[in-house]
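Geometric and topological summary
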Amino acid sequence: MQDKKFYPVYEPLIGEKEAEYASKAVKSGWISSIGEYIEEFERRFADFIGTKYAVSVSNGTVGLHLALAALGIGPGDEVLVPDLTFVATANAVKYTGATPIFVDIDPKTWCMDPEDLKKKITPNSKAVIPVHLYGYPANMDEILNIAQKENLYVIEDCAEAHGAEISNRKVGSFGNCGVFSFYGNKIITTGEGGMITTNDEELFIRLKFLKDHGMSKEKRYWHPEIGFNYRMTNIQAAIGLAQMERKEYIIEKKRKIFNWYKNYLEEFGINVSYSLNPEDDEKTKSKNVFWMVSIVLWDFDETKRNKLIELLKVVGVDSRPFFYPISEFPMYHGKPVCKVSKHVSERGLNLPSSPILEENDVKAICKSFITAVQKI
Ligand SMILES: *Cc1c(COP(=O)(O)O)cnc(C)c1O
């Protein structure tokens, strides 16, 4: 046993409430995808995001797939996705038979660059999936403008950005729909789970229909189309409801954690140039929820970044490399096609960001971080 503390990148904040609600769901006998917690969770989540509807699903990945399928995306279509994101964003496009087209990121926000989006549009473009990476809202103003002009559907990938805002409006309420994840390390969790938010009644009906085997509402066990089983269970929804009671606390805590990092890193001083997550922007009124406190070390390269991760691990600080550009994976282009995404990806790392961290933890992590950086 080490006597020194180990700081994982993430630990969920769950407790008695989650256990109590999950236990109630189990004891009620409603353990599959029918039960009072599901509707309640959907209603509360829609209220939180400020949309008319919310549809629960079994995870964020199938949420993206379901949204694309419900909008009629399929073979021959192109869907624009940022090159720097979690692989599920692009895979979901592939599941429909459509082709993901990789758009570069803005080096300041790490989110989709609207200028590059314009360049990548073709007559086959049908939809765009902006990702609010690491908790910061993508530039929705410009992306929505472009989408409207080019007649593209907009699916927001909000898997990392529950509660993030632009002009006092929550992400997930800007596009045709927003897709959230409740995986164990996301801002709120149901173990596995996801949610699609929308104001579009027709889309809402279509999402409900397709997620439940495409069964006719009028005629039971009549299936006019190939649907899916993408339902969430009542037990997951029970845990989700308990998490809803903590969401303000968690989001505020994450903003605090970021500020502790920022202050201690400044106070202790790093001898290389770096950027932390983009902060709240006065002009666009964008509010970050800092899913992962992240740092890009501009003077480093991939080898140095990886060495830093190793040195940190030795002193009990877990960290992760940024996502790889998706274009680089063998099933896509097999080589990076977006310069900024590649550059930022090689130099970025995510630091311990769990909402259970306290100021002293962050201070200790910052000390270890700076010592490690100086060794490279
Ligand atoms: C986590 C994540 C997903 C997938 O969500 P799951 O619930 O794990 O399937 C999709 N997109 C992004 C950006 C994510 O971070």
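Residues numbered from 1 in each chain as written. Predicted model: local features only at pLDDT ≥ 70, side-chain atom pairs only at ≥ 80, totals over all residues. Heavy atoms only, no water.

**Here's the deal with helix α1 (residues 16–28)**
Note on helix geometry: an α-helix contains 3.6 residues per turn, so any two residues three or four positions apart are oriented the same way. Our working definition: The secondary structure listing takes helices from DSSP runs of H or I that are at least 4 residues long and strands from runs of E that are at least 2 residues long, numbered from the N terminus. For a helix, the expected span equals 1.5 Å multiplied by the residue count minus one. Each residue is assigned to one of three classes by its accessible area relative to the maximum for its type, calculated with a 1.4 Å probe on protein chains only: buried under 20%, partly exposed between the two thresholds, exposed over 50%. This arc is taken over the directions from the axis of the helix to the C-beta atoms. Residue contacts follow a heavy-atom distance rule, with two residues in contact if any of their heavy atoms lie within 4.5 Å.
Over its 13 residues, α1 runs 18 Å from end to end, which matches the ideal 18 Å to within 8%, given 1.5 Å per residue. Of the positions making up α1, those classed as buried are Glu-18, Tyr-21, Ala-22 and Ala-25. On an axial view of α1, the arc spanned by its buried residues comes to 95°, and they lie on one face. Opposite its buried face, α1 presents the exposed residues Glu-16 and Lys-27, each directed more than 90 degrees away. Contact partners of the buried residues in α1: α2 (36–49) and α8 (234–244). Where α1 ends, the next residue or the one after it, Gly-29, has phi of about 90°, a positive value.

**What to know about helix α9 (residues 247–268)**
Between the first and last C-alpha of α9 there are 32 Å, a value that for 22 residues agrees with the 32 Å anticipated at 1.5 Å per step. For α9, the complete set of buried residues consists of Lys-247, Ile-250, Ile-251, Lys-253, Lys-254, Arg-255, Ile-257, Phe-258, Trp-260, Tyr-261, Tyr-264 and Leu-265. For α9, the secondary structure elements touched by its buried residues are α2, α8, β10 (274–276), β11 (286–287), β12 (294–297) and α12 (359–375). Within two residues after α9, Gly-269 carries a phi angle of roughly 80°, on the positive side.

**Side note on the nonpolar core**
Formally: Definition used in this section: a nonpolar core is a set of buried Ala, Val, Leu, Ile, Met, Phe, Trp, Tyr and Cys residues joined via side-chain atoms within 4.5 Å.
In terms of nonpolar packing, the biggest core is built from 60 residues, with Phe-41, Phe-45, Leu-117 and Val-128 touching the most fellow members. Breaking this core down by element, the ones donating at least two residues are α1, α2, β3 (99–103), α6 (140–150), α8 and α9. For this core, the leading source of residues is α2, giving seven residues. Here Phe-41 is in contact with Phe-182, Thr-190, Met-195, Met-232, Ala-237, Gly-240, Leu-241 and Met-244, once residues within four sequence places are set aside.

**Overview of the packing of aromatic side chains**
Here is the rule: Here a pair means two rings of Phe, Tyr or Trp (six-membered ring of Trp) with centres within 6.5 Å. Their orientation is stacked below 30 degrees between planes, edge-to-face above 60, and tilted elsewhere. Any Lys NZ or Arg CZ found within 6 Å of a ring centre and within 35 degrees of that ring's normal is scored as a charge over the ring.
For the structure shown, the criterion picks out 17 aromatic pairs. Ring centres of Phe-228 and Tyr-230 lie 4.8 Å apart, and the angle between their planes is 5°; this geometry places the pair in the stacked category. Given the relative accessible area of 13%, Tyr-230 is considered buried. In this structure an aromatic cluster arises from ring pairing among Phe-86, Trp-110, Tyr-134, Trp-291, Phe-322 and Phe-323. Stacked on the ring of Phe-174, the Lys or Arg Arg-169 has its end atom at 4.1 Å from the ring centre. Here the guanidinium or amino end of Lys-186 rests over the ring plane of Trp-291, the centre of that ring lying 5.5 Å away.

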